[in-house]
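One letter stands for each residue in the lines below.
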Amino acid sequence: MQLSTSEISELIKSRLENFSTSAEARTQGTVISVTDGIVRIHGLSNVMAGEMIEFPGNTFGLALNLERDSVGAVVLGDYEHITEGDVVKCTGRILEVPVGPELIGRVVNALGQPIDGKGPVNAKMTDKIEKVAPGVIARKSVSQPVQTGLKSVDSMVPVGRGQRELIIGDRQTGKTAVAVDAIINQKGQNMTCVYVAIGQKASTIANVVRKLEENGAMAYTIVVAAAASDSAALQFLAPYAGCTMGEYFRDRGEDALIVYDDLTKQAIAYRQISLLLRRPPGREAYPGDVFYIHSRLLERAARVNEDYVEKFTGGKVKGKTGSLTALPVIETAAGDVSAFVPTNVISITDGQIFLETDLFNAGIRPAINAGISVSRVGGAAQTKVIKKLGGGVRLALAQYRELAAFAQFASDLDEATRKQLDRGRMFTELMKQAQYAPLSISNMAISLLAANKGYFDDVPTAKVLAFESALHGFMGSKYKALMDGIESSKDLAGDAEKAVEAAIQDFKATNAY
Amino acid sequence: MAEISTIARPYAVAAYKLGKEQKALTKWSEMLGFATQVANDTQMQAYIQDPNVVASDLQATFLKVCGNKLNENAQNLIKLLIEYGRLSVLPAITDAFEALKAQDEGTLEANIIAASKPSATEVKDLVKRLEAKFGKKVEATVSIDPEIIGGIKIIVGDTVIDASVKNQLQNLAYSLTA
């Protein structure tokens with residue numbers, strides 16, 4: 001970052017103006033031991049749980065264990081300069097991060113400090129990172145869709161605003177790709193996105209940020225990054241920090257989408273902290289409250305009603321609901337979903353998108369296993385036209401899987417079975433989608449309608465995607481008005497369906513694919 | 001160390017309760033203070049830490065050094081501590097006992113650190129203000145530390161009221177470099 005001389009003197013001037021020189025009365029303690037970022041402190045008798053404490057050298061920590069004669073704390077950041085006997089002060093504040101629209105387009109660490117080299121974040125507000133989720137009365141059921149732009153997700157496992165949909169799968173199955181595509185597709189959808197990267201390689205995070213920038217998604221996205229090299233404390237805190245940034249929009253009657261990539265790493269960071277704090281280990285050496293760290297986080301993703309928003313904003317925003325949709329990511333080892341953390345998060349969320357290595361390697365990308373992927377509340381929120389047209393996809397794929405296993409042994413099949421197999425094969429092919437290429441509602445509707453009405457039946461399987469993209473191009477240029485109509489109404493009302501069918505027939509006549 | 005104060009607490013509480021029952025808190029305070037001084041003596045330290053000395057010898061020697069300064073109860077406390085190998089926590093026991101006693105009497109110990117020696121009226125005024133703030137009687141000790149450059153720093157238990165120039169300069173440095 002380049003600073004001019006006048007900027008420097010202005011900065012110093014404003015800081016000098018705001019500097020207060022009053023005597024401070026604070027509770028103090030002394031450091032007894034420092035072990036891997038965990039500090040034991042004697043004294044600090046009035047410290048609160050989760051309070052920020054100040055170490056020498058402008059370093060801060062978080063008091064986690066309040067014991068009879070000592071306090072266990074984690075250092076947020078570097079701890080090499082802290083030594084035994086150092087004085088520690090209470091700050092009387094619970095850990096806070098900056099919030100607000102100023103953060104949009106920025107990459108910040110778990111404490112909300114910018115790490116993208118674009119200068120300071122001039123956020124006007126800060127908010128606590130640990131907050132209690134909205135209660136029963138403040139909530140409203142999920143009824144508006146989040147369009148991910150992925151055919152397979154939007155048709156089979158629809159996500160609603162305020163829902164928590166888990167993305168689960170082994171390494172290298174495209175979990176991040178699904179989440180990033182969902183963020184990219186939020187352009188113009190009045191949705192602020194937060195991408196929380198936990199324990200990932202810094203290069204991977206940089207790649208994601210670059211891809212978001214290339215696709216114009218950083219204009220509405222905040223990235224909270226706690227890389228693998230950051231301290232375990234920061235990796236543990238990053239999701240809560242990101243959640244607080246997302247809640248800012250939820251509470252003001254706006255919609256936000258947050259991706260936690262991934263919560264397995266957060267649990268591992270928390271396990272490290274807990275073991276160093278000498279909390280008793282349980283299953284897989286996780287502490288007893290590993291369920292609670294995820295449940296209290298994901299519970300904050302919610303849709304809140306008009307009254308809550310009105311009350312929260314002091315009457316400034318009326319008649320608007322707010323939502324925070326969460327897409328937590330969990331990485332499994334060798335497809336083992338019955339491990340501790342995956343089962344926990346599966347039980348907390350409102351459904352899961354299951355990604356499988358076998359499917360991924362077979363070229364089915366996104367590698368969604370349609371059989372075990374579910375959305376428990378998204379159906380109520382699904383876009384009308386997609387709901388109408390996408391209903392058959394799940395069934396066709398389920399029947400296909402059953403028959404495919406059976407057909408391996410039978411050499412000659414009757415006409416009906418063969419047709420069903422062909423149809424299933426076609427749907428499997430159609431559900432494939434390139435990365436960073438989310439589809440609009442109208443394009444998705446056209447594809448699904450064409451598939452349902454059998455216009456794909458005479459298309460060779462290998463050419464299904466080529467046919468689809470040619471169809472989209474054709475419709476976008478020749479039948480733009482019709483497509484715009486579907487896009488805005490999100491429905492195929494009246495004779496629109498007939499018009500679309502006629503258009504598809506028109507396209508097939510051109511034989512352009 | 002935190003563990004030491006945890007170990008010391010039950011002993012201190014027991015001594016405090018016994019002293020209170022016997023209405024002899026001051027006597028106990030004197031006895032514990034004396035025993036701590038004995039235990040902190042370098043020659044005695046070497047003797048205590050000598051692995052060749054058995055517990056019964058140590059008990060006899062220690063009590064002989066203390067002479068008639070300890071009553072029967074205090075002697076029993078020393079014997080018990082030696083038997084359990086806890087003589088090293090004696091200073092912590094004394095500290096904890098004094099804290100309990102001060103709490104009972106409603107007094108607070110305040111350590112006033114100043115860059116230059118404050119006048120008697122200044123100290124008196126400070127003590128008055130501290131008493132008003134904490135709602136307890138304050139016993140002040142004054143120490144001089146030129147390191148704080150100017151102003152004063154008051155330490156009352158875990159609470160520190162820092163109005164020193166050093167602290168303010170440090171805060172200014174942080175706010176400029178933040």
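Residues numbered from 1 in each chain as written. Chains lettered and ligands numbered in written order. Predicted model: local features only at pLDDT ≥ 70, side-chain atom pairs only at ≥ 80, totals over all residues.

**Notes on the overall build of chain A**
1) Next: Counting its secondary structure elements, chain A contains 16 helices and 19 strands.
2) Next: Over its C-alpha atoms chain A spans a radius of gyration of 26 Å, differing by no more than 12% from the 24 Å that the globule rule assigns to 513 residues.
3) Next: By its C-alpha atoms, chain A is 85 × 55 × 45 Å across when sized along the principal axes.
4) Next: Per-residue burial over chain A gives 48% buried out of 513 residues.
5) Next: For chain A, the proportion of contacts with a sequence separation of at least 24, taken over those separated by at least 6, is 73%. (Helix = DSSP H or I, 4+ residues; strand = E, 2+ residues; numbered from the N terminus. Rg over C-alpha atoms; globule rule 2.2 N^0.38 Å. Buried ≥ 20, exposed ≤ 12 C-beta atoms within 10 Å, placed from the backbone. Contact = placed C-beta atoms within 7 Å.)

**Quick look at the overall build of chain B**
1) Next: Broken down by element type, chain B carries 8 helices and 4 strands.
2) Next: Seen in sequence order, chain B has helices and strands lined up from the N terminus as α-α-α-α-α-α-β-α-β-β-β-α.
3) Next: Since a compact globule built from 178 residues should have a radius of gyration of about 16 Å, the 21 Å found for chain B marks it as more spread out than a globular shape.
4) Next: Expressed along its principal axes, the backbone C-alpha trace of chain B runs to roughly 60 × 40 × 30 Å.
5) Next: Taking as baseline every contact in chain B between residues at least 6 positions apart, the subset at least 24 positions apart corresponds to 65%.

**Structural notes on the environment of L298 of chain A**
All names here are of chain A.
1) Next: Within the secondary structure, L298 sits in helix α7 (residues 290-298).
2) Next: Taking the C-alpha atoms as reference points, L298 and V345, 47 residues apart in sequence, are found 8.9 Å from one another.
3) Next: Setting aside chain neighbours within four positions, we find L298 in contact with R164, A326, P328, I348 and T349.

**Comments concerning the interface of chain B and chain A**
1) Next: With 15 residues of chain B at the contact, the number on the chain A side is 22 residues.
2) Next: Each residue belonging to the side of chain B that touches chain A can be placed in one class, and the counts come to 8 nonpolar, 5 polar and 2 charged.
3) Next: The sheet contact formed by strand β1 (residues 24-35) of chain A and strand β4 (residues 159-164) of chain B spans 4 bridges and is antiparallel. Across the sheet, the residue bridging to E24 of chain A is D162 of chain B, located in β4 of chain B. (Nonpolar A, V, L, I, M, F, W, Y, C, P; charged D, E, K, R; others polar. Pairing = 2+ DSSP bridges.)

**Quick look at helix α1 (residues 5-18) of chain A**
1) Next: With 14 residues, α1 of chain A extends 20 Å from end C-alpha to end C-alpha; this agrees with the ideal 20 Å at 1.5 Å per step.
2) Next: When you tally the buried positions in α1 of chain A, you get 0 out of 14 residues, a small fraction of the element. (Expected span 1.5 Å × (residues − 1).)

**Concerning the packing of α7 of chain A against helix α9 (residues 340-348) of chain A**
All names here are of chain A.
1) Next: Where α7 meets α9, the axes come as close as 10 Å, and the angle between the chain directions of the two elements is 30 degrees. With respect to their mutual orientation, α7 and α9 come out roughly parallel. The interaxial crossing formed by α7 with α9 has right-handed handedness. Contacts between α7 and α9 involve V290, F291, H294, S295 and L298 on the former and, on the latter, V341, N344, V345 and I348.
2) Next: Looking at the contact of α7 with α9, its residues break down into 6 nonpolar, 3 polar and no charged. (Axes fitted to C-alpha atoms, helices over the stretch in contact; angles between N-to-C directions. Parallel < 35°, antiparallel > 145°, perpendicular 65-115°, else oblique. Left-handed = near helix turned anticlockwise from the far one by under 90°.)

**Structural notes on the nonpolar core**
1) Next: Residues I183, V196, V224, A233, A241, I258 and A445 of chain A are the most contacted members of the largest nonpolar core, which totals 143 residues.
2) Next: With 12 residues, helix α5 (residues 232-251) of chain A is the largest single contributor of residues to this core.
3) Next: Discounting residues that sit within four places of it in the chain, I258 of chain A has contacts with V194, V196, G242, C243, G246, A301, L324 and A326 of chain A.
4) Next: In terms of nonpolar packing, the next biggest core, distinct from the first, is built from 25 residues, A15, L87, A92 and I93 of chain B among them. (Core = buried A, V, L, I, M, F, W, Y, C linked by C-beta atoms within 7 Å.)

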